[in-house]
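Chain and residue survey
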Amino acid sequence: MERKEQDMLPLSHEVVEVDGVYINEAGREEHLHRGQHFPADPILGKTEWKLTEFAFENHHDGRTDERLVPKENDTDKIGKVTNPRRQLEQGDN
C-alpha cells in the first residue's frame, strides 16, 4: 500500500500549514499562506485541498544571493572553497 493512499488531505476551514498553491476537488486553485484557513467551495461546500506547488520567496529575481558570490578583495579565504578541487588538493597532502 502506498503512503499517498494513507495521507488525509486537509479540509475546508482547517488551518493552512505551508505556503503554496492548493487545488480542491472541483479543480479550483487558491494561493494560500500559513495561518489562513482553507476556504469552502461555493458549490460543494466543505472540500479536500491538495498542495500542488510550494511558494518560495527567495531568488524571485533569478539572481544569485550576493552572499554566495566570492569576492575578489576577500582577505579571509582560509576555510572557504575558492576552487571546486580544493578539497581534493588538501586531502592529498
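Quick summary incoming for the structure in this document. Just so you know, these numbers come straight off a predicted model, no measurement behind them.

**Remarks on the environment of Thr-47**
- Among the secondary structure elements, Thr-47 is positioned in the loop between strand S2 (29-32) and strand S3 (49-54).
- The spatial distance from the C-alpha of Thr-47 to the C-alpha of Leu-9 is 9.4 Å, given a sequence separation of 38 residues.
- Those residues within four positions of Thr-47 in sequence are excluded, and the remaining contacts are Pro-10, Leu-11, Ser-12, Asn-24, Glu-25 and Asp-41.

**Quick word on the sheet that holds S2**
- Spatially, S2-S1-S3 is the arrangement adopted by the 3 strands of the open sheet, whose pairing is antiparallel. The two strands at the open ends of the sheet, each matched to only one other strand, are S2 and S3. With strand direction ignored, the average angle separating the axes of adjacent strands in the sheet is 30°.
- Across 4 bridges, strand S1 (residues 20-24) lies against S2 in antiparallel orientation. In the strand pairing of S2, Tyr-22 is matched with Glu-30.

**Some points on the nonpolar core**
- Listed in full, the 5 residues of the largest apolar core are Val-16, Tyr-22, Leu-32, Phe-38 and Trp-49.
- The residues contacting Phe-38, other than those within four sequence positions of it, are Pro-10, Leu-11, Ser-12, His-13, Glu-14, Val-15, Val-16, Tyr-22, Leu-32 and Trp-49.

**Side note on the packing of aromatic side chains**
- In the structure shown here, the tally under the stated rule is 2 aromatic pairs.
- Judged by centre distance (6.1 Å) and plane angle (20°), the ring pair of Phe-38 and Trp-49 falls under stacked. Remark: Trp-49 occurs in strand S3 and Phe-38 occurs in the loop between S2 and S3; sequence separation between them is 11 residues.
- Since its relative accessible area comes to 3%, Phe-38 is described here as buried.
- On the accessibility criterion, Trp-49 (0% relative accessible area) is buried.
- Taken together, the aromatic side chains of Tyr-22, Phe-38 and Trp-49 make up a single cluster linked through ring pairs.

What counts and what doesn't
- Residues numbered from 1 in each chain as written.
- Predicted model: local features only at pLDDT ≥ 70, side-chain atom pairs only at ≥ 80, totals over all residues.
- Heavy atoms only, no water.
- Helix = DSSP H or I, 4+ residues; strand = E, 2+ residues; numbered from the N terminus.
- Contact = heavy atoms within 4.5 Å.
- Pairing = 2+ DSSP bridges.
- Axes fitted to C-alpha atoms, helices over the stretch in contact; angles between N-to-C directions.
- Core = buried A, V, L, I, M, F, W, Y, C linked by side-chain atoms within 4.5 Å.
- Buried < 20%, exposed > 50% of the residue type's maximum accessible area, 1.4 Å probe, protein only.
- Phe/Tyr/Trp six-rings, centres within 6.5 Å; stacked < 30°, edge-to-face > 60°.

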